[in-house]
Each structure stands twice: as C-alpha cells, then as structure tokens.
Amino acid sequence: DNHFLDCRVYAMAMAEHMLTLPPAARVNTVHMMRQMRPKPSPAHLKLAGALHLHGDTNDRMESRAAFAEKRKPVFKGWKDPQDRFRMPKLSDFQD
C-alpha cells in the first residue's frame, strides 16, 4: 500500500532529522510529541474493554499455545455465533 510506504518514508526522514538534534532538543521534541498524542475518550476506553471480552476469550490463549507449540491455531471464534452481529458500538458507551 503506497500510503503505508509514504508514512514509513516520512517516519524514517523524521527519525534521521531527530538524530541530528542536540540531546536536549531531541528529548524536548519527543516529550512535546508525546504530550500532543491524542487521548482516547472514556467511551472509547469502555468500547475497547467490551471488544476485549467479545467473542470466545479462549481464542487468545489458543493463539499463544499454538505459537509456543509451533502449530496452527484452532480458533472457535464465537461462543454464540449470533454475537458476530451484536458487536459493541461506541454509541453504547456514550452519555
């Protein structure tokens, strides 16, 4: 995807530029960029928590076990197949 490549090229150029800055300027720039990072709203955090529990949560452990055992994972997907159509939505958590 060209967009991904463009972002990667831009990120590398920015990283190379930052390496030319004096240490304090580099630290201050990174600190400023982290302070500007968007913070998720409480509703987004609640949605993330609901999505974390959505579906068959045993699939996460199956993924890890399959990796450790060097085999393909066998996912179940859903405890109730209808859950696929009952995805949590952001609007469920907004006041």
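For the structure itself, look to the data block above.
Conventions and cut-offs
- Residues numbered from 1 in each chain as written.
- Predicted model: local features only at pLDDT ≥ 70, side-chain atom pairs only at ≥ 80, totals over all residues.
- Heavy atoms only, no water.
- Helix = DSSP H or I, 4+ residues; strand = E, 2+ residues; numbered from the N terminus.
- Salt bridge = Lys/Arg side-chain N within 4 Å of Asp/Glu carboxyl O.
- Buried < 20%, exposed > 50% of the residue type's maximum accessible area, 1.4 Å probe, protein only.
- Arc of directions from axis to C-beta.

A. Seen up close, the environment of P42. Position of P42 relative to the elements: it lies in helix 3 (residues 42–53). Taking C-alpha positions, P42 is 29 Å from V27, a pair spaced 15 residues apart along the chain.

B. Structural detail: the pattern of salt bridges. For the coordinates displayed, the defined rule picks out 4 salt bridges. The partner of R71 in a salt bridge is E62, with the nearest N and O atoms 2.6 Å apart. Across the salt bridge formed by E69 and R71, the nearest N and O atoms sit 2.6 Å from each other. What emerges from the salt-bridge pattern is a single network uniting E62, E69 and R71.

C. Here's a closer look at helix 4 (residues 58–68). Along helix 4, the residues that are buried comprise D59, E62 and A66. Seen end-on, helix 4 carries its buried residues on one side only, within an arc spanning 50 degrees. When the buried face of helix 4 is taken as reference, the exposed residues oriented beyond 90 degrees from it are M61, R64, F67 and A68. Two residues or fewer after helix 4 comes K70, characterised by a positive phi angle close to 55 degrees.

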